[in-house]
Structures are given as structure tokens and as C-alpha cells.
Amino acid sequence: MLRFLLGRIGRAALTIAMVVTFAFVVLRLSGDPAQIIMGADAPPEAVDAFRTAWGLDQPVWVQYFHYFGAILSGDLGRSMRDGRDALVLVTERIPATLALTLPALLIKIGLGIPAGIYAALHRNSLADRIVMVVAVAGFTVPSFVLGLLLVLVFAVQLGWLPSGGQEGWRHAILPVITLGLGGAAVLARFTRSAMLEVLGQPYIRTASAKGVPWRAVVTRHALPNAAIPTVTIIGFMVGSLIAGAVVVESVFSWPGVGRLLVVAVANRDLAVVQCILLLVATTMVCANLVVDLLYGLLDPRLRSAPRRAGA
Amino acid sequence: MPAGVVTGAPLVAIRGLRVAFDGQPALRGIDLDVAPGEAVGLVGESGCGKSVTWLAALGLLPARAAIAGQVRLGETELLGAPATTLEKVRGGRVAMIFQDPASSLNPVHRIGRQITEALALHRGITGGAARSEARRLLDQVGIPDAGRRLDAYPHELSGGQNQRVMIAIALAGRPELLVADEPTTALDVTIQAQILALLQQLRRETGMALVLISHDLGVVAETCERVCVMYAGRIVEEAPTARLFAAPAHPYTRGLLGALPPMDGPRRRLSAIPGGVPEPWAMPPGCAFAPRCPHRIGPCDGAVPSDAMLATGHRAACIRATVAPLLAEAAE
Ligand SMILES: Nc1ncnc2c1ncn2[C@@H]1O[C@H](COP(=O)(O)OP(=O)(O)O)[C@@H](O)[C@H]1O
Ligand code: SF4
Ligand SMILES: [Mg+2]
């Protein structure tokens, strides 16, 4: 178990390091931050001075090692815009993002899982078809389209809710619904197929052949088994609590991490972008780690190495 | 009508059982009796409807299966019976075990729990009493170190042991009939023999009836007093085992017997009859076996052959079954 854990943690660290490196390379290759921040018509001396101040005149690999070394010592750099600590800048925005993504996660789970279970248990019924049509729609319609649609109906036409901004909970309703519906659709589809897969297994027939009433077959023999694959997708959703709202935050001009990321990328604010990517990668990797451990809890086959005995 | 020499009321009486999936017939009129305590074999190539017969009888087919006919268990009609009735029967009066023991047990529950679940349902035993009864059942089906095995998961046991666990679960409800659907097909030959011996021993100990489903006539011959041969959704021949081997009347049965390897040789699948089972949507108009039958004559294609009674307890659905040369040839 300890070996398993250490192995997983090692892999997690490696993943994060790769993300950091990748972000560094892409951002350095995609344009000169000094020129962008100073503006196209800035005098060359000023741009050079900016470069020297931020170490951008060094060879790229030196910048990379400096950056990596700093991260290891907990220093994530400063924003090139206003010189504030990047980590502080980013963490300030986390509560706003969680204010959208946490309620949305509840909607995803509370709506998606029951809908998926119901659809699977009533396969090919009218309800199943409706759930599937809605789920496919929610799955394929991009969140900015859904967001704009909701704004059009509830803010512009009906005037019930504000279309953007962040003054109080009413402003959160439309973005939360936008996020929640899309995720619920994904989860419903996933849960349905996991349930159908399990319901087709021979041990379900065994349970029925034992005389277990259908309700108990579902709750005792199907749901725990179908939970195993579903946990993966929920883990992914938990992992994207920080990063999963980039589009929706932009559509609703919500001042979360996602919007900060968009602005920072546009400005080539390297430290901030890298700090966000690091944060996102870390939450993803941690969620994955938890999923792996949950797997072990839910599925005894993964817990113990098979020790077969003769017949 | 079944030809079984059933004296007294049968335990299970199946009459005119028909099943169709999406309009395609899988069973085309099954008549079958099982007497209390007897062992009946049900043989035939894969896909001929052996499993569907008993899944239909116990209400275990998916809702889209169209089922007609009668299945009486004592005084109780099972087809169309309310769920509560069926739940009492399943695992209670009639238990069923399946081909692939490894996937027939729930991988996330311990063995003990899967046995005590049946004990709670059918005998109202729970808690410590259930655990010790489960342990006794594991002992009875020959699992060593039963107490520890209660806490094992199915993946920790071998296929043969899992099948023993399935049998223990089946015994938990003290059934009057055990339907064993190809219980040894997925197992090694030596384990096969052990499981068959166990079934015979349990039948002696408990007095329950046994329906042994197999595609292997050899397996059935060792265990059952009576054999029903199925082909394309019908029972085409039924006879006491000894008689079936001595004087098979249906060309299909004789094909199966011809395909049997010598007693001491390795078992193989029934494949020596040329051709394949007709698809449900391309059923011949007359005898379903006609396209593969070496004795086919014109009238065979005219109508589905009805049962010919050949002797007490011996029937065959072949228009030439009563023809002397065929019988003589069969008796050689
Ligand atoms: N759930 C099902 N859905 C559709 N067709 C089925 C189903 N179960 C069985 N069948 C069909 O019914 C026929 C008989 O199957 P089965 O009873 O399983 O054969 P076997 O004699 O091998 O046990 C086959 O043609 C099979 O394809
Ligand atoms: S009825 Fe005709 S075709 Fe069918 S088994 Fe008998 S002889 Fe063969
Ligand atoms: Mg079968």
C-alpha cells in the first residue's frame, strides 16, 4: 500500500512538472512579453530595460531553471503587470470561482446521477429517450452558447436575472446553471452506460435468480458496481473545480480564476499564467490520486493481489 | 405432451412454452415435466433454447421477451405470476446456477454476504446464525477452510470454488429443484467431474430434483435418469437415459451420439453433425432439422413433425422415428 501510494505521488509530481514545463515553453514561444506589455510603440530602451528587469534577456533554458528553482522554493513569481505576488493574485480569485463551481458540482451530481440511473433502469422508455436527448444536447452545445442562450431568455427577454457581474447571489444563478447543466449531461450519460453495463452482468441475473427483489438488486448489486467507473468522471469534475469555469466566467464577466487566466494570457503575464496552470494541474492530479484510492475502496479486485486456491 | 414416466403430480410442468425476442421465436412450444427428486438432462447445441426455457420459467428474461404457455410449480402458475410470488420461488423452491461462476458472483461482495443474503430472503436467518449456516453450506459443498472463505471475494477463489459457492447459495433456500445451466462448461475437465459428483451427492443428501443443462450428452448421461434433447426451440426427443443411448430415434440425437468421443477420450464440443442450427428468421417450414438430416424425405418439409410415442417415456418428433429400418439402424 505504501509503495502504491509513493508511486502514485511520484507520478503526480512528474505530471505537474511536465505541465509547468509545457506551459513555460508554449508561452515563451508564442510572443515577446516585454513588447506586448510595454506596447508596440514603446521606445526600444524601455523594452530592453523591462527585459533585463524580468530576466527575459537570459537564454531560455536559464530562465527555465530559474523559474523551476523558484517554484521548488515556493516562489511563483510576480505579475509583470502590477508586480504583485502571482500566487496571491491567483488565490484571491479562488473563492469567486468556487462560488460558481461548487454549486454547479452539486447540480451535476444531484441531477446527472439520478437521471442516468433512471434512464438505465427504464431503458428505451420515453423518459430514457428524453434524458438522452437532453444529455446529448447538453453534451454537445458549448457552454458559451448555452450561457448566451440563458442570458437571452432569462436576462434579456424575461428580465428575471442579471446577465453578468458579481453583486450577490442572483448574479451567480445563470453561470451556475450553465456550468451545472453541461456537467449533469455528461454525468447522466456516463452513469447510464455504467448502469447498463452492470445490469447486463451475469451476477445481476444471479441476484434475481436468488429471489432478491428488483429494488434490492439495483441498490445492493448494481449501484455499488456502477459507482466504480462513475467515480472517475466525478473525480475529473472535482479536479476541474478551479479551472472548469474559464469560458463561463468570461461569458458572465465573473471575476474568478478563469477570467484572470484569459486576461493574463492575453497580456503574456507569464508568472500569473504559470501559477494558474500549476494550481490547475495540482488540483487535477490530487483529484486523480483520490480517485485511485477510492477505486481501491470500491473494488476489492484492486485491493488485493489475487491469491487463488485450487478448486 | 411429455413422455416422462411421472407417477403422481410433477413438481414442475411446462406446457406449450413459447418465447420470442423481437418477433423471432426462440422457443417454439416446450412440454416438459420434472418429477420431485428426479434428475433430468437437457441437451442440445448452443442456441437451441435450453437456457431460455428455464429463464422464462423463472421470469428471468428481459421484458422484451414475449412469453406464452404454462409453467406450473405444484399448484402455482409461474408465468405472469406477481413479482412477490416469483421472488419466493426463485432461490427458494427453485434455484438456478449458471455457466460462468466467476462472473456470476458479485465481485464487490464477500462470499459470505452473498450466501447470507439468500438465507435472509428464504429462511429468515440473519446475523451470527446466518454466518454459521453459510459456513455449514460452504462445508457441504466441499470448500476447505469454510470459515475463512466466508470473508473472501470471488476473485480470490478459483472457478471451481466459485461454482461451489454458487451451489451453496442455491442450497441456502433448500430448493425442491436445482436448475444447473452448463455448470461445468467453463471449468477444467477434472474440476468438471468433481462438480458433477458434488451435484449427484447433494441430490442424494437433500432429495431435490435436478435439471442439468448441457451441450454435452456425455455430461448428462452420467448424472441424469432422463434426457430431453432440444433442437431449434423444441424438444425433439425424450427418453430414459439408458434407452436414449441404446435406441436413439431422432436423427439429431443420433448425430449427437455419433459425435461423442470414446468414454476414455477427451470431451469435445458437439460439432460432428454437418451444417448449423437454422436462424430463427429462416426456420424451415417442416422439420427444423431437415436441412442437416441424412434421412430426410419429401414429407419432412411439409409440416413440423409431431411427437411419436415409441415406448413408455420415449418420444421423438420425427416422422420417420417409427419406421422400422431407421429404428433397427439406431439399435445397432
Ligand atoms: N436476451 C436475449 N435476447 C435476444 N435473444 C436471446 C436472448 N437470450 C437468448 N436469446 C436467443 O434465444 C435462443 C436460445 O438461446 P439459449 O436458450 O441461450 O440457448 P442455449 O441452448 O445455448 O442455452 C438463441 O437464438 C439466442 O440468440
Ligand atoms: S422428420 Fe425428416 S428431416 Fe426431420 S429428423 Fe425426421 S427424418 Fe429427418
Ligand atoms: Mg445456454
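Quick notes on the rules
- Residues numbered from 1 in each chain as written.
- Chains lettered and ligands numbered in written order.
- Predicted model: local features only at pLDDT ≥ 70, side-chain atom pairs only at ≥ 80, totals over all residues.
- Heavy atoms only, no water.
- Helix = DSSP H or I, 4+ residues; strand = E, 2+ residues; numbered from the N terminus.
- Rg over C-alpha atoms; globule rule 2.2 N^0.38 Å.
- Buried < 20%, exposed > 50% of the residue type's maximum accessible area, 1.4 Å probe, protein only.
- Contact = heavy atoms within 4.5 Å.
- Areas by Shrake-Rupley, 256 points an atom, 1.4 Å probe, with all protein chains shown as cover.
- Lys, Arg positive; Asp, Glu negative; His and termini not counted.
- Charge placed at Lys NZ, Arg CZ, Asp CG, Glu CD.
- Near = heavy atom within 4 Å.
- Nonpolar A, V, L, I, M, F, W, Y, C, P; charged D, E, K, R; others polar.
- pLDDT = per-residue confidence, 0-100.
- Pairing = 2+ DSSP bridges.
- Polar contact = N/O pair within 3.5 Å; in protein donor to acceptor, adjacent residues only side chain to side chain.
- UniProt positions renumbered as here; feature names shortened; annotations may be inferred.

### So, the overall build of chain B
Right, on to step 1. Helix and strand content of chain B: 12 helices and 12 strands.
Right, on to step 2. Here the C-alpha radius of gyration of chain B, 20 Å, is about what a compact globule of 332 residues would show, namely 20 Å.
Right, on to step 3. Counting only C-alpha atoms, chain B reaches 65 × 45 × 35 Å along its principal axes.
Right, on to step 4. In chain B, which comprises 332 residues, the share counted as buried stands at 57%.
Right, on to step 5. Put simply, of all contacts in chain B between residues at least 6 apart along the chain, 64% involve residues at least 24 apart.
Right, on to step 6. For chain B, the exposed area adds up to about 12900 Å²; of that, 54% sits on carbon and sulfur atoms.
Right, on to step 7. With 32 positive and 31 negative side-chain charges, chain B shows a separation of 2 Å between the mean positions of the two kinds.

### Observations concerning the site of ligand 2
Right, on to step 1. Around ligand 2 sit His250, Pro251, Cys287, Phe289, Ala290, Cys293, His295, Cys300, Pro305, Cys318, Ile319 and Arg320 of chain B, and those are all the residues in its vicinity.
Right, on to step 2. Taken together, the residues of the shell around ligand 2 sort by class into nine nonpolar, two polar and one charged.

### Thoughts on the confidence of the model for chain B
Right, on to step 1. The share of residues in chain B with pLDDT of 70 or more is 91%, and the mean pLDDT across the chain is 90.
Right, on to step 2. For this predicted complex, the interface confidence score (ipTM) comes to 0.89, while the overall pTM stands at 0.85.

### Some thoughts on the sheet that holds strand 5 (residues 76-77) of chain B
Residue and element names in this part refer to chain B.
Right, on to step 1. Strand order across the open sheet formed by four strands is 2-1-4-5, with antiparallel pairing between neighbours. Pairing within the sheet leaves two strands with one partner each, and these edge strands are strand 2 (24-34) and strand 5.
Right, on to step 2. Bridge analysis of strand 1 (residues 12-21) against strand 4 (residues 65-73) gives eight bridges, and the strand direction is antiparallel. Residue pairing across strands places arginine 15 opposite glutamine 70, the latter belonging to strand 4.

### Comments concerning the site of ligand 1
Residues and elements named next belong to chain B.
Right, on to step 1. Around ligand 1, the structure places Phe21, Ala26, Ser46, Gly47, Cys48, Gly49, Lys50, Ser51, Val52, Pro62 and Arg64.
Right, on to step 2. For ligand 1, an oxygen atom lies 2.7 Å from a polar atom in the backbone of glycine 47.
Right, on to step 3. In the model, an oxygen atom of ligand 1 is placed 3.0 Å from a nitrogen or oxygen of the glycine 49 main chain.
Right, on to step 4. When the free accessible area of ligand 1 is taken as 560 Å², the share hidden by the protein chains comes to 65%.
Right, on to step 5. Residues that form the shell around ligand 1 fall into these classes: five nonpolar, four polar and two charged.

### Concerning the side chain of threonine 241 of chain B
Residues and elements named next belong to chain B.
Right, on to step 1. The residue threonine 241 is located in helix 10 (residues 241-246) in this model.
Right, on to step 2. A polar atom in the side chain of threonine 241 sits 2.6 Å from the backbone oxygen of cysteine 224.
Right, on to step 3. In this structure, threonine 241 is in contact with Ala221, Cys224, Glu225, Arg226 and Val227, ignoring residues within four places of it in sequence.

### Considerations on the UniProt feature "domain: ABC transporter" (unreviewed entry) in chain B
Right, on to step 1. Residues annotated in UniProt with the feature "domain: ABC transporter" (unreviewed entry) correspond here to residues 12-257 of chain B.
Right, on to step 2. Summarising residues 12-257 of chain B: 41% helix, 26% strand, and an end-to-end C-alpha distance of 28 Å.

### So, the UniProt feature "transmembrane region" (unreviewed entry) in chain A
Residues and elements named next belong to chain A.
Right, on to step 1. Within the UniProt annotation, "transmembrane region" (unreviewed entry) is assigned to residues 12-31, 98-121, 133-160, 172-190, 230-251 and 271-298.
Right, on to step 2. Helix makes up 82% of residues 133-160 and strand 0%, with an end-to-end C-alpha separation of 27 Å.
Right, on to step 3. The annotated region residues 271-298 carries 100% helix and 0% strand content, and the separation between its end C-alpha atoms amounts to 40 Å.

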